Amino acid sequence: MQEPAPHRPIARGLAGPGLLAHVLVAKYCDHLPLYRQSEIYERRGIELDRSTLADWVGGASRSLELLVEALRKYALSGTKLHGDDTPVPVLAPGNGKTKTGRLWTYVRDDRPAGSTNAPAVWFAFSPDRKSEHPLGHLQTFRGTLQADGYAGFNRLYENGNIREAACWAHVRRSFMICLKHTLPPVAKEALERIAPLYGIEKEIRGKPPEQRQQIRIARSLPLLDSMKAWFEASLTKLSRKSEVTLAIHYALGRWTQLLKYCDDGQVEIDNNAAERALRAGALEELSLCRIRYWRTARGGNLQSDRLGKTQRSRP
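As the structure is a computational prediction, the values presented were derived from the model and not from experiment.

Colleague: Describe in detail the sheet that holds strand S4 (residues 143-146), supporting the description with residues and values.
Modeller: Read across the open sheet, the five strands follow the order S3-S2-S1-S4-S5; overall the sheet is mixed. The open sheet is flanked by strand S3 (120-126) and strand S5 (162-165), the only strands paired with a single partner. Sheet twist, expressed as the mean angle between neighbouring strand axes with direction ignored, is 30°. Bridge count for strand S1 (residues 80-92) against S4 is three bridges, and the pairing is parallel. Directly across from Leu81, in S4, lies its bridge partner Leu145. Lying on the sheet, helix H4 (residues 65-76) is in contact with S1, strand S2 (97-108) and S3; it crosses S3 at an angle near 115°.

Colleague: Lay out a positive patch on the surface with the relevant residues and their values.
Modeller: A grouping of Lys202, Arg205, Arg276 and Arg279 is seen on the molecular surface, where their side chains present a positively charged patch. Among the secondary structure elements, Arg205 is positioned in the loop between helix H7 (185-204) and helix H8 (209-235).

Colleague: Could you give an account of the nonpolar core, naming the residues involved and the relevant values?
Modeller: Nonpolar side chains in soluble globular proteins tend to end up buried together. Of all hydrophobic cores here, the largest spans 30 residues; its most connected members are Trp168, Phe175, Leu224, Phe231, Trp255 and Tyr261. Mapped by element, the contributors of at least two residues to this core are helix H6 (168-181), H7, H8, helix H9 (243-253), helix H10 (255-258) and helix H11 (260-263). Looking at which element gives the most residues to this core, the answer is H7, with seven residues. Ignoring anything within four residues of it in the chain, the contact list for Trp255 reads Trp168, Leu224, Met227, Lys228 and Phe231. Counting 16 residues, the second-largest nonpolar core is a separate cluster that includes Tyr106, Ala124, Leu138 and Leu145.

Colleague: Talk me through unusual backbone geometry; I want residue IDs and the actual numbers.
Modeller: Non-glycine residue Arg12 carries a positive phi angle of around 60°. Of note, Arg12 is situated in the segment before helix H1 (17-28). Of the residues examined, Arg12 reaches a relative accessible area of 86% and is grouped as exposed. Phi is positive for His31, close to 60°, though the residue is something other than glycine. Inspection of the secondary structure puts His31 in the loop between H1 and helix H2 (34-43).

Rules and cut-offs
- Residues numbered from 1 in each chain as written.
- Predicted model: local features only at pLDDT ≥ 70, side-chain atom pairs only at ≥ 80, totals over all residues.
- Heavy atoms only, no water.
- Pairing = 2+ DSSP bridges.
- Helix = DSSP H or I, 4+ residues; strand = E, 2+ residues; numbered from the N terminus.
- Axes fitted to C-alpha atoms, helices over the stretch in contact; angles between N-to-C directions.
- Contact = heavy atoms within 4.5 Å.
- Patch = residues over 30% accessible without salt bridge, like charges linked within 9 Å, V, L, I, M, F, W, Y side chains within 5 Å.
- Areas by Shrake-Rupley, 256 points an atom, 1.4 Å probe, with all protein chains shown as cover.
- Salt bridge = Lys/Arg side-chain N within 4 Å of Asp/Glu carboxyl O.
- Lys, Arg positive; Asp, Glu negative; His and termini not counted.
- Charge placed at Lys NZ, Arg CZ, Asp CG, Glu CD.
- Core = buried A, V, L, I, M, F, W, Y, C linked by side-chain atoms within 4.5 Å.
- Buried < 20%, exposed > 50% of the residue type's maximum accessible area, 1.4 Å probe, protein only.

In structure tokens:
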């Protein structure tokens, strides 16, 4: 008889949970790539090759997949979801270049509507921006998706299982861009008309959905009706190719979706929750971690961290 070997996070690996946690936190939170960590350990008399550290990162990501799956199920079990994506450079080992992947984020956060459920965010990586990716991510979700105007989301709304809510922050941002260029009076007035909508949202943040809906119908909806009429009247006075005209057309083209937040007190006025989640993460390093795990799960290797010296400035 032989005493069973102690359980470790990585099968047949000597690294314990504390050391693995230290390596992962240093890499993804403190922005220390593995080659720098290897040099730090070497100065302390500890020989840890980058390939070994890379294997640990891959093994740790596989160990955490159960938690990631639990987080995914929880995030998608709500009735309202914020969705967004951002481009991320992904290392292409062997040719010294990078490719452009996408990092998708799906946020469940009902605290502004008075919910005590914990907020959560689930990240998913894909090598491109094809619509098949959000279709696969949200195949079990039922409810309202608040997102930008990316055409790849349109197929999600075809069967009625997912309802679309647009983002007023994107509308406001398009007029702010106009202000930076030419300071047209129409863009300035558009921002002045949007501002009271956000003032109302500030007042009702944290209140129950029913109360939020009633206040929005009584106070926000008249402002929105007036804004739409003003948009349509302004178009008759503007050049068809001006930036302000394009900004107005963007708003009017999504007007029904922009009004969704008035019909449902659980929905937010914008999609900033998803954008904040993307900014909060170390986007480039999250993508590298995800692609390394993706390759390992398919029989690839984890040597993509072995960058040439010309690429070492990238985390």
